[in-house]
Amino acid sequence: MNELRACIRQVRARVEEAAVRSGRSPDEVTVVAVSKTVPAEQIALAYECGLLVFGENRVQEARAKIPVLPYPAIRWHLIGHLQTNKAARAVELFHLIQSVDSVHLAGVLEESAAGRGQAVPVLLQVNVAGEASKAGVSADELPALAERVLALPHMQIKGLMTIAPLTAQPEEVRPIFRRLRELRDSMRERFEQAGWSELSMGMSSDFFVAIEEGATMVRIGRAIFGERPTSGQ
Ligand SMILES: *Cc1c(COP(=O)(O)O)cnc(C)c1O
């Protein structure tokens, strides 16, 4: 518990430093504690330490943990690739789906949301670096996706999300974060009817760089909960 508390305190301090360094208010940055592979008991402790937003990458795993934790005091974000056959469950469980990367997926989410009479806040995931192994639309495909999703009455676009390449040098991914912000700005100009306020970018190794480039959500796993078992990505 003390170790977890110390990690959270340190992450908070670094978020604050990065925000201040770039002339931003720390309140503009939400820490999304990435709790994939982390047991519910540990998540409960992190919640007691003041973390309120948690990110999971698998619907199945989240489905087992969410009901045993304070809900809706804890806000849950889906940060992993979503298969359409899990879309209905995702609409039910998550407060924000950060990983919308196709018109097809958006359409299936829309159907579930309409069935429940509920709006679904989403981020559009962009594969800025064009890595073959990563989900997300390319920068070129983004306007078409945005246009189609905006036509769906229950989908609420809140902004963009990206997963930067893993590097040993956080500075190397700064251009990726900057590019996502520029893409967001151009979407905002082009499609004024959507929100576009959120930029989800940065993880344990590079969140301070992402904050300097305008991140409003940083997704932090290992710096809070420690290394994950190797089987759990
Ligand atoms: C696992 C994961 C993270 C957190 O990574 P850490 O290096 O543990 O901070 C962030 N975003 C996504 C999409 C992830 O899958």
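Up top is the structure.
Residues numbered from 1 in each chain as written. Predicted model: local features only at pLDDT ≥ 70, side-chain atom pairs only at ≥ 80, totals over all residues. Heavy atoms only, no water.

Caption draft 1: Structural detail: helix 6 (residues 142-150). When helix 6 is considered as a whole, its buried residues turn out to be Leu142, Pro143, Leu145, Ala146 and Val149. End-on, the buried residues of helix 6 take up no more than an arc of 160°, which puts them together on one face. For helix 6, the secondary structure elements touched by its buried residues are strand 4 (96-100), helix 5 (103-116), strand 5 (120-125), strand 6 (155-161) and helix 7 (174-190). (Buried < 20%, exposed > 50% of the residue type's maximum accessible area, 1.4 Å probe, protein only. Helix = DSSP H or I, 4+ residues; strand = E, 2+ residues; numbered from the N terminus. Arc of directions from axis to C-beta. Contact = heavy atoms within 4.5 Å.)

Caption draft 2: Representation of the environment of Gly55. Tracing the chain through its elements places Gly55 in strand 2 (residues 53-56). Separated by 21 residues in the primary sequence, Gly55 and Val34 place their C-alpha atoms 4.5 Å from one another. Leave out the neighbours within four places in its chain, and Gly55 touches Val32, Ala33, Val34, Ser35, Lys36, His77 and Ile79.

Caption draft 3: Layout of the pattern of salt bridges. Under the definition given, this model contains 15 salt bridges. In this structure, Arg116 engages Glu92 in a salt bridge whose closest nitrogen and oxygen atoms are separated by 3.9 Å. Placement of the pair is Arg116 in helix 5 and Glu92 in helix 4 (residues 87-93), with a sequence separation of 24 residues. The salt bridge partner of Glu213 is Arg181, with a shortest N-O separation of 3.5 Å. Of this pair, Glu213 sits in the loop between helix 8 (207-212) and strand 8 (217-220) while Arg181 sits in helix 7, and the two are 32 residues apart along the sequence. With a relative accessible area of 4%, Glu213 lands in the buried category. Take Arg181: its relative accessible area is 26%, and that puts it in the partly exposed class. The network of salt bridges with common partners includes Arg21, Glu171, Arg174, Arg178, Arg181, Glu212 and Glu213. (Salt bridge = Lys/Arg side-chain N within 4 Å of Asp/Glu carboxyl O.)

Caption draft 4: Region of interest: the site of the ligand. Surveying the vicinity of the ligand reveals the residues Val34, Lys36, Ile79, Ile163, Met203, Ser204, Arg219, Ile220, Gly221, Arg222 and Arg228. Between Ser204 and the ligand, the recorded distance is 2.5 Å, taken from a side-chain N or O atom to an oxygen atom. Arg228 has a polar side-chain atom sitting 2.7 Å from an oxygen atom of the ligand. With the chains in place, 93% of the 390 Å² that the ligand exposes on its own is no longer accessible. When its residues are assigned to classes, the shell around the ligand shows 5 nonpolar, 2 polar and 4 charged. (Near = heavy atom within 4 Å. Polar contact = N/O pair within 3.5 Å; in protein donor to acceptor, adjacent residues only side chain to side chain. Areas by Shrake-Rupley, 256 points an atom, 1.4 Å probe, with all protein chains shown as cover. Nonpolar A, V, L, I, M, F, W, Y, C, P; charged D, E, K, R; others polar.)

Caption draft 5: Spotlight on the pairing of strand 2. Side-chain alternation along strand 2 places Val53 and Gly55 on one buried face and Phe54 and Glu56 on a second face that is also buried. With 2 bridges connecting them, strand 1 (residues 30-34) and strand 2 associate as parallel partners. Across the sheet, Ala33 pairs through a bridge with Phe54, a residue of strand 2. This β-α-β element, strand 1 to helix 2 (residues 40-48) to strand 2, shows right-handed connectivity. As paired elements, strand 2 and strand 3 (residues 75-78) share 4 bridges and run parallel to each other. Bridge pairing links Glu56 to Leu78 in strand 3. (Pairing = 2+ DSSP bridges. Right-handed = clockwise from strand over helix to strand, strands pointing away.)

Caption draft 6: Inspection of the packing of aromatic side chains at higher detail. Using the criterion set out here, one finds 2 aromatic pairs in the structure. With centroids separated by 5.8 Å and ring planes inclined at 40°, the aromatic side chains of Phe54 and Trp76 adopt a geometry described as tilted. Of this pair, Phe54 sits in strand 2 while Trp76 sits in strand 3; the two residues are 22 residues apart in sequence, bridging distant segments of the chain. The pair Phe54 / Trp76 is uniform in exposure class, with both members buried. Ring geometry for Phe207 against Phe208: centres 5.6 Å apart, planes inclined by 70°, an arrangement best described as edge-to-face. Residue Phe207 is classed as buried on the basis of its relative accessible area, which comes to 0%. (Phe/Tyr/Trp six-rings, centres within 6.5 Å; stacked < 30°, edge-to-face > 60°.)

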